[in-house]
Amino acid sequence: LPASLGTSLDTPGTTAGALAKVKYTAAADLRYKVNPWVTLRSSAGWYHTDVAGTGGTETGYNAGIGADYLLNERTTVSIDYVFEHAEAPPATPTDTHKLLVGLTVAK
């Protein structure tokens, strides 16, 4: 169960009048090996950004679940679902849903 907390100082990007962005983050991941062929995964994250020079803020969070299935010693099939929510006023809050399917082949 890895988890992290962070603070970063970023450039203002395209935000008019901003001097910098101070971003605070938190994240956690969980991985559970059901048996030698199946691994379940989940993750969650949150961020809050203060936009220096404007008094504005940006916030958001995400959550995801996924699974890996080992077909053989060289091939793994993965499937993931991720939900993301972001708010950066004055823009309307956005929600994003992603479904990802992958195939990994190793030598």
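Residue positions are given per chain, counting from 1 as you read along its sequence in written order. Owing to the predicted nature of the model, reporting of local features is limited to residues with pLDDT of at least 70; listing and counting of side-chain atom pairs is limited to 80 or more, with chain, interface and lining totals taken over all residues. Hydrogens and waters are ignored; side-chain quantities use all the structure's heavy atoms.

Which residues make up the overall build of the protein, and what values do they have?
Each helix is a run of H or I in the DSSP string that is no shorter than four residues. Each strand is a run of E no shorter than two, and both are numbered from the N terminus. What the protein contains, in helices and strands, is zero helices and six strands. Starting at the N terminus, the α and β elements of the protein follow one another as β-β-β-β-β-β. Across its three principal axes, the protein shows a C-alpha extent of roughly 55 × 25 × 25 Å. Under the scheme applied here, a residue whose accessible area is under 20% of the maximum for its type counts as buried, over 50% as exposed, and between as partly exposed, the area being computed with a 1.4 Å probe on protein chains only. Considering the protein as a whole, with its 107 residues, one finds that 18% of them fall into the buried category. Sequence-distant contacts, at least 24 apart, represent 38% of the contacts inside the protein between residues at least 6 apart. Note on areas: these come from Shrake-Rupley sampling with a 1.4 Å probe, and a residue is covered only by the protein chains present in the view. Total accessible area computed for the protein in this model is approximately 7,500 Å², and 62% of it derives from carbon and sulfur atoms. In this tally Asp and Glu are treated as negative and Lys and Arg as positive; neither His nor the chain ends contributes. By convention, the point assigned to a charge is CZ for Arg, NZ for Lys, CD for Glu and CG for Asp. Counting 8 positive and 10 negative side-chain charges, the protein places the centres of these two groups 12 Å from one another. We call two residues in contact whenever any of their non-hydrogen atoms come within 4.5 Å of each other.

Run through the environment of R74, naming residues and quoting values.
Note on placement: R74 falls in the loop between β4 (56-72) and β5 (75-87). Taking the C-alpha atoms as reference, R74 lies 43 Å from A88; in sequence the two are 14 residues apart. Contact partners of R74, with chain neighbours within four places excluded, come to T104, V105, A106 and K107.

Before we move on, could you go through unusual backbone geometry and cite the residues and values that matter?
Trans is the common state for peptide bonds, and a negative phi is the common state for residues other than glycine. Look at the link from P89 to P90: it is a cis peptide, with omega at 10°. Looking at the element boundaries, P90 is found in the loop between β5 and β6 (94-105).

For the pairing of strand β2 (residues 20-33), give the residues involved together with the corresponding values.
When DSSP finds at least two bridges between two strands, those strands are taken to pair. With eight bridges connecting them, strand β1 (residues 3-10) and β2 associate as antiparallel partners. When the bridges of β2 are listed, T7 appears paired with Y24.

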